[in-house]
Amino acid sequence: MSLQNEEMEVVLKIKRYSQDKGYWWQEYKLKVDRFTQFTEALRRIKSEQDPTLAYRASCHMAVCGSCGMKINGEPRLACKTLVIDVAKKYGSNIITIEPMDYYKPVKDLIVDLDDFYQRMYKVKPRLYPHKDVIEGKAEQRLKPEDQRELWKFAQCIWCGLCVSACPSVKMDPEFLGPAAHAKGYRFLADPRDTITEERLKILIDSSWRCTYCYMCYNVCPRDIEPVTAIKKTRAYSKLTKDKTPVILTGEKHSEAIFNSLVETGKIEEAKVYLNTYGLLGSIRDFIYLFQTGKIKYALVKEKPVENISEIRKILSGDNK
Amino acid sequence: MEKVSYDAVVVGAGLAGLMAAHEIASAGYNVAVISKVFPTRSHSAAAEGGIAAYIDGNSDPNDNPEYMAYDTIKGGDYLVDQDAAELLAYKSGEIVMLLERWGTLFNRQPDGRVAVRYFGGQTYPRTRFVGDKTGMALLHTVYEKTSGLGNVDFYFEWFTWELVRDDSRVRGVIAFDMRNMLPVFFKAKAVVMASGGMGMLYRHSTNSYINTGDGYAMALRAKVAIKDPEFVQFHPTALYPSDILISEAARGEGAILRNAKGERFMARYAPKKLDLAPRDIVSRAILTEVKEGRGFPGGYVGLDLTHLGEDYIKERLALAYEAAKSFAGIDATKEMIPVRPAQHYYMGGIDVDITGRNPDLIGLFAAGEAACVSVHGANRLGSNSLLETLVFGRETGRSVVEFLKNYTEPSSDIDNEAEKMANSAYDIVKSESGVHFGEILEKLRDVMWDYVGVFRDENGLKTALSEIIKLREDMKKMYVLDKSKVYNTEFYNALELKNMLDLALVIAHSALNRKESRGAHYRLDYPERDDQNWLKHTIAYLRGNTVEITYKPVKITKWKPEARVY
Ligand SMILES: Cc1cc2nc3c(=O)[nH]c(=O)nc-3n(C[C@H](O)[C@H](O)[C@H](O)COP(=O)(O)OP(=O)(O)OC[C@H]3O[C@@H](n4cnc5c(N)ncnc54)[C@H](O)[C@@H]3O)c2cc1C
Ligand code: SF4
Ligand code: SF4
Ligand code: FES
């Protein structure tokens, strides 16, 4: 148990906001040690230096989702981040703290999360089990492996960081956003849920509006992969009855690229798609769709690239 | 001042409040749930290790609810009301299965049934869990479920300031919309206090920052008693130095406490139960080791998980592993985790019976950590609190429904009174100069830790009392620098501090008054339990700077007090 402590004096530059004054930057100097979390640093500023500073924090252990903010530009939970670590990483004892992007400012580091909550409510975030189960007439057993799979997506703490970082949310008002998709998938995939069709209506169209940029995964403090939830949701596309144009285009797009890859290892007509999503992202996507058997493919004539057999191997999932 | 009317107002959106609200709303009544924070940010989210439950057909074959009640009573050092412990035990399986049906993803056995683990003070293992984020999993489930009902309005980021009453009954609460600081009078036929605990009174606490004991203080100011205020629980294994909880699940899964010499020191203090002895015993053991020079420099001991294996630790104790890594730079698969005791839970609370009703004030109910049903007595067993929030949250909801069925309209008008109460919030922070909440707060937390902590004695408690009274004087000179009306957190922190001081006075006074050691209340000058004189509940009222104490007998059904050895 080697608990070596260190101390350091840091300057926290906080971007403040009030409705009357707008934005301004304010600096606070304080001593921190090896174990000081940003929430604790803020608490000390508030009780020792400047009681007017406003921020949210509750659990200080990364489970309540209150303390999302930008620390040196990175979307983080303040409680899950140690001050000294950031100073070391950036080689400077001057650290900036700003409110999360995207949401409307309320005061200092506090932003308005109503938009985020609306997104979460839209996916009907609750289990609708069979009537007999609710009445206690039947028992539902859940396989340990199903529990583990669902729990991966159920751990969202509604912190809103992923939405603040998601480019699609900003551009596309029809897109539900990463957290809502993680939540939606957690119930969609639950074998005990009974409103699958309604869930598909809510989720499928939106799932085709993600750009697979992986920002949500990068920032999620709970290591949830909303983008994986979105991929897995897309795989349900074939089950939806009323397909929106977005779903149809999405499906067709994937199919075309997939086919082209199988045939030639190249993608000709989908330059736009590629530019947007990157080759690796697309391949991962198609491998998934292929494995789940949701994609039909037709042959398109193209001259194969040299190592086409390798590519086909990847596409058939042999690389696992 | 704006006014709104509801059948029932629930203060608090943790597990207890949401469960009560669900029950009342399901019966068709209109409910307002008021919370300082968005519901899933309530402190319940932080609960880690699990929820105790005897489930028929899915428990140790030798176990039964009687043993569970007995463990709870013995753990609580016989200050437990035994009817409450029995209700808790007998309803435990049902409530856990209800939450399972609502979608909580409990860890499973290979055959698909809900899994179990050991917790301190249990004769047989009966703690159900979701990794070590059980509280978060339960809270999200209940919130998601309750927010789907039509007749519950959520007022989150609203600060409840006072309980409004007339001569005999509840008339509602005053709460501020934190976004614009406007007070609203929530008229209600019934009020459920489910406002959680008070960890911020102590320098070291595992609790959320928002746990400032508001509900207890509102009750005290409304002339309602707090039962057993002297019983504050300290958890033995808070991470050094950030006080983040390392769940008791760690010891349940086999972790061992060791001093700086590497000794398994619990063998000296609880030879049979060892590391799984109840919290008060382990807390005192750790501090004794430290005091006698066998701790690590800085004042902590080691919690050794290393023999459990990396995979097991990462699946079943993920949060403990993660906390040690993120907050102390320790790899728990290879090194011991540095731990020491910190304030953790409040056994005292608003006096209620097993239906959640308060005897002082008609229409007042309380549930969860804010209440003292007295199911935990002098010391709570791990994983019994989550269970209490749900079982008694639901029982309380049911009695509110019964109460509402027989409700008659009061004739008197209370609006002026309410107006005055709303203004009193500004009174305490009216000065143009003086002290800030931080100065008083930091002193209070040290006083409570130093003199009203794990070990207590007459001199220390007297010092604490005079210090607290001084701080209450200083409070009158408090002022608020932030003059804005938008999300003025400074203003709310000041109100919280006022609440903390009201409660602190009652705790210190009751601790001085109880001249024996029982459960978490340990008096160095009276180290023995004294059933002859003290097998009774403290009932404390606050009048200005004085605390008035009366007593209530402990309800005993089957189990005669016996020596508490582990
Ligand atoms: C770190 C930790 C781990 C724990 N682990 C376990 C465990 O594994 N098993 C177990 O059984 N127990 C555990 N406990 C204890 C348990 O978590 C709590 O006792 C329980 O969650 C309390 O729930 P509650 O509903 O009573 O209150 P809380 O969840 O604390 O909710 C209180 C609510 O009241 C609101 N509120 C408070 N004051 C006001 C006000 N003035 N105005 C408006 N709203 C207000 C808050 O916003 C909040 O919504 C743990 C406790 C801690 C600290
Ligand atoms: S991967 Fe999709 S959901 Fe995630 S941030 Fe990018 S666009 Fe948003
Ligand atoms: S998915 Fe992750 S980042 Fe997004 S809200 Fe949930 S916990 Fe936060
Ligand atoms: S304070 Fe709860 S997540 Fe940071």
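Here the structure is a predicted model, which is why all the values come from computation and not from measurement.

Engineer: Account for the overall build of chain B, naming residues and giving values.
Structural biologist: A tally of regular secondary structure across chain B gives 16 helices and 18 strands. Summarising its shape, the C-alpha atoms of chain B cover approximately 65 × 50 × 50 Å along the three principal directions. Put simply, of all contacts in chain B between residues at least 6 apart along the chain, 74% involve residues at least 24 apart. Summing over all exposed atoms, chain B offers an accessible surface of approximately 17,300 Å²; the carbon and sulfur share of this is 50%. Of the charged side chains in chain B, 69 are positive and 76 negative, and the gap between their average positions amounts to 1 Å.

Engineer: Residue-level account of the sheet that holds strand β11 (residues 256-258) of chain B, with values.
Structural biologist: Residue and element names in this part refer to chain B. Ordered by their spatial adjacency, four strands build an open sheet running β10-β13-β12-β11, and the pairing between neighbours is antiparallel. Of all strands in the sheet, those bounded by a partner on one side alone are β10 (232-239) and β11. Ignoring which end each strand starts from, the neighbouring axes of this sheet average 45 degrees apart. In the sheet, strand β12 (residues 301-304) pairs with strand β13 (residues 337-346) via three bridges, with the strands oriented antiparallel. Following the sheet pairing, Val-301 is matched in β13 by Val-339.

Engineer: Hey, could you go over the UniProt feature "domain: FAD-dependent oxidoreductase 2 FAD-binding" (unreviewed entry) in chain B for me, with residue numbers and the actual values?
Structural biologist: The feature "domain: FAD-dependent oxidoreductase 2 FAD-binding" (unreviewed entry), as given by UniProt, occupies residues 7-386 of chain B in the numbering adopted here. End-to-end, the C-alpha atoms of residues 7-386 of chain B are 26 Å apart, and along that stretch the chain is 28% helix and 22% strand.

Engineer: Please give an account of the nonpolar core that cites residues and values.
Structural biologist: By size, the foremost hydrophobic cluster in this structure holds 226 residues, and its most contacted members are Leu-12 of chain A together with Val-9, Phe-186, Tyr-202 and Ile-507 of chain B. With 15 residues, helix α15 (residues 489-513) of chain B is the single largest residue contributor to this core. In this structure Tyr-202 of chain B touches Val-232, Phe-234, Gln-343, Arg-445, Met-448, Trp-449, Val-452, Gly-453, Arg-456 and Ile-507 of chain B, once residues within four positions along its chain are discounted. Formed by 46 residues, the second largest nonpolar core is a distinct cluster that contains Leu-3 and Leu-82 of chain A together with Ile-281 and Leu-305 of chain B.

Engineer: Can you lay out the site of ligand 3 for me, pointing to particular residues and giving the numbers?
Structural biologist: Every residue lining ligand 3 is accounted for by Phe-116, Cys-156, Ile-157, Cys-159, Gly-160, Cys-162, Ala-179, Cys-220 and Pro-221 of chain A. Looking at the shell around ligand 3 residue by residue, the class counts come to eight nonpolar, one polar and no charged.

Engineer: Tell me what's going on with the site of ligand 2, and back it up with residues and numbers.
Structural biologist: All names here are of chain A. Of all residues adjacent to ligand 2, which total 14 residues, the nearest are Cys-166, Ser-168, Cys-210, Cys-213 and Cys-216. Elements that contribute at least two residues to the shell around ligand 2 include exactly α7 (167-171), α10 (215-219) and α11 (226-234). Considered class by class, the residues forming the shell around ligand 2 number 12 nonpolar, two polar and no charged.

Engineer: For the pairing of strand β4 (residues 74-77) of chain A, give the residues involved together with the corresponding values.
Structural biologist: Residue and element names in this part refer to chain A. The two faces of β4 differ: Pro-75 and Leu-77 on one face are buried, but Glu-74 and Arg-76 on the other face are not. Inspection of the sheet shows strand β3 (residues 68-71) paired to β4 by four bridges, in the antiparallel sense. Within β4, the residue paired with Ile-71 across the bridge is Glu-74. What sits between the antiparallel neighbours β3 and β4 is a turn of two residues, in which Asn-72 has the positive phi angle 45 degrees.

Engineer: Now, about the UniProt feature "active site" (unreviewed entry) in chain B: what can you tell me, with residues and values included?
Structural biologist: Residues and elements named next belong to chain B. As annotated in UniProt, the feature "active site" (unreviewed entry) corresponds to Arg-279 in the numbering used here. Along the polypeptide, Arg-279 turns up in helix α8 (residues 279-291). In contact with Arg-279, not counting residues within four places along its chain, are Phe-119, Gln-233, Phe-234, His-235, Pro-236, Glu-248, His-344, Asn-379, Arg-380 and Gly-382.

Engineer: Break down the sheet that holds strand β5 (residues 94-98) of chain A for me, citing the residues and quoting the values.
Structural biologist: Residues and elements named next belong to chain A. Taken in spatial order, the five strands make up an open sheet running β2-β1-β5-β3-β4, and their pairing is mixed. Here the strands that pair on one side only, and so sit at the sheet edges, are β2 (22-33) and β4. Neighbour-to-neighbour, the strand axes of this sheet turn through a mean angle of 30 degrees, independent of strand direction. Pairing of β3 with β5, which is carried by two bridges, proceeds in the antiparallel orientation. Across the sheet, Lys-70 pairs through a bridge with Glu-98, a residue of β5. Across the face of the sheet, helix α1 (residues 38-49) comes into contact with β1 (7-18), β2, β3 and β5 while running at roughly 105 degrees to β2.

Engineer: Quick rundown of the environment of Arg-16 of chain A? Include the residues and the values.
Structural biologist: Residue and element names in this part refer to chain A. With respect to the helices and strands, Arg-16 occurs in strand β1. For Arg-16, a relative accessible area of 4% translates into the label buried. In this structure the C-alpha to C-alpha distance between Arg-16 and Val-219, which are 203 residues apart in sequence, comes to 23 Å. Excluding its chain neighbours within four sequence positions, the residues that come into contact with Arg-16 are Gly-22, Tyr-23, Trp-24, Gln-26, Tyr-28, Asp-50, Thr-52, Leu-53 and Asp-108. Within the local environment of Arg-16, its side chain forms a polar contact with the side chain of Gln-26, the two groups lying 3.1 Å apart.

Engineer: I'd like a description of the packing of aromatic side chains, backed by residues and values.
Structural biologist: How two aromatic rings sit relative to each other is given by the distance of their centres and the angle of their planes. Residue and element names in this part refer to chain B. The final tally for this structure, using the stated rule, is 36 aromatic pairs over all chains. Ring centres 5.9 Å apart and planes at 75 degrees place the aromatic pair Trp-534 and Tyr-551 in the edge-to-face group. Linking Trp-534 in helix α16 (residues 531-534) with Tyr-551 in strand β18 (residues 546-553), this pair joins segments that are 17 residues apart in sequence. Note on Tyr-551: relative accessible area 34%, which makes it partly exposed. Here the guanidinium or amino end of Arg-380 rests over the ring plane of Tyr-345, the centre of that ring lying 4.2 Å away. The aromatic ring of Tyr-551 is capped on one face by Lys-536, whose charged end is 4.0 Å from the ring centroid.

Engineer: Please provide a residue-by-residue account of the interface of chain A and chain B, values included.
Structural biologist: Contact with chain A, which involves 66 residues of that partner, is made by 77 residues of chain B. Taken together, the connections running from chain A to chain B amount to 10 salt bridges. A salt bridge links Lys-107 of chain A to Asp-482 of chain B; the shortest N-O distance between them is 2.7 Å. Connecting chain A to chain B are 26 residue pairs in polar contact (both at pLDDT 80 or more). Within the residue set of the side of chain A that touches chain B, elements represented by two or more residues are α1, β6 (104-107), β7 (110-112), α3 (114-122), α4 (131-134), α5 (144-154) and α8 (178-188) of chain A. Per-element tally for the side of chain A that touches chain B: the top contributor is α5 of chain A, with six residues. For the side of chain A that touches chain B, the class distribution of residues is 34 nonpolar, 14 polar and 18 charged.

Engineer: Explain the confidence of the model for chain A residue by residue, including any values.
Structural biologist: All names here are of chain A. Considering every residue of chain A, the mean pLDDT works out to 84; 78% of them sit at 70 or more. Below a pLDDT of 50 lies the segment residues 269-281, which in the model reaches 17 contacts outside its immediate sequence neighbourhood of four places, other chains included. Ignoring residues within four places in sequence, the model shows residues 286-304, a span with pLDDT below 50, making 45 contacts including any to other chains.

Engineer: Go over empty space enclosed by the protein with me, naming the residues and quoting the values.
Structural biologist: Residues and elements named next belong to chain B. In total, this model carries 10 cavities of 30 Å³ or more according to the counting rule given. Within this model, the largest cavity holds a volume of roughly 710 Å³. Lining the largest cavity are 50 residues, and of these His-43, Ser-44, Gly-196, Asn-211 and Glu-369 sit closest to its centre. Residue assignment for the lining of the largest cavity shows that the elements contributing at least two residues are α1 (15-26), β2 (31-35), β6 (158-165), α5 (214-221), β13 and α11 (384-405).

Calculation notes
Residues numbered from 1 in each chain as written. Chains lettered and ligands numbered in written order. Predicted model: local features only at pLDDT ≥ 70, side-chain atom pairs only at ≥ 80, totals over all residues. Heavy atoms only, no water. Helix = DSSP H or I, 4+ residues; strand = E, 2+ residues; numbered from the N terminus. Contact = heavy atoms within 4.5 Å. Areas by Shrake-Rupley, 256 points an atom, 1.4 Å probe, with all protein chains shown as cover. Lys, Arg positive; Asp, Glu negative; His and termini not counted. Charge placed at Lys NZ, Arg CZ, Asp CG, Glu CD. Pairing = 2+ DSSP bridges. Axes fitted to C-alpha atoms, helices over the stretch in contact; angles between N-to-C directions. UniProt positions renumbered as here; feature names shortened; annotations may be inferred. Core = buried A, V, L, I, M, F, W, Y, C linked by side-chain atoms within 4.5 Å. Buried < 20%, exposed > 50% of the residue type's maximum accessible area, 1.4 Å probe, protein only. Near = heavy atom within 4 Å. Nonpolar A, V, L, I, M, F, W, Y, C, P; charged D, E, K, R; others polar. Polar contact = N/O pair within 3.5 Å; in protein donor to acceptor, adjacent residues only side chain to side chain. Phe/Tyr/Trp six-rings, centres within 6.5 Å; stacked < 30°, edge-to-face > 60°. Lys NZ or Arg CZ within 6 Å of the ring centre and 35° of its normal. Salt bridge = Lys/Arg side-chain N within 4 Å of Asp/Glu carboxyl O. pLDDT = per-residue confidence, 0-100. 1 Å grid on protein atoms, 1.4 Å probe; cavity = no way out; pocket = protein on both sides within 12 Å on 5 of 7 lines; lining within 4 Å. Points joined across faces, edges and corners; volume = space filled by probe spheres on them.

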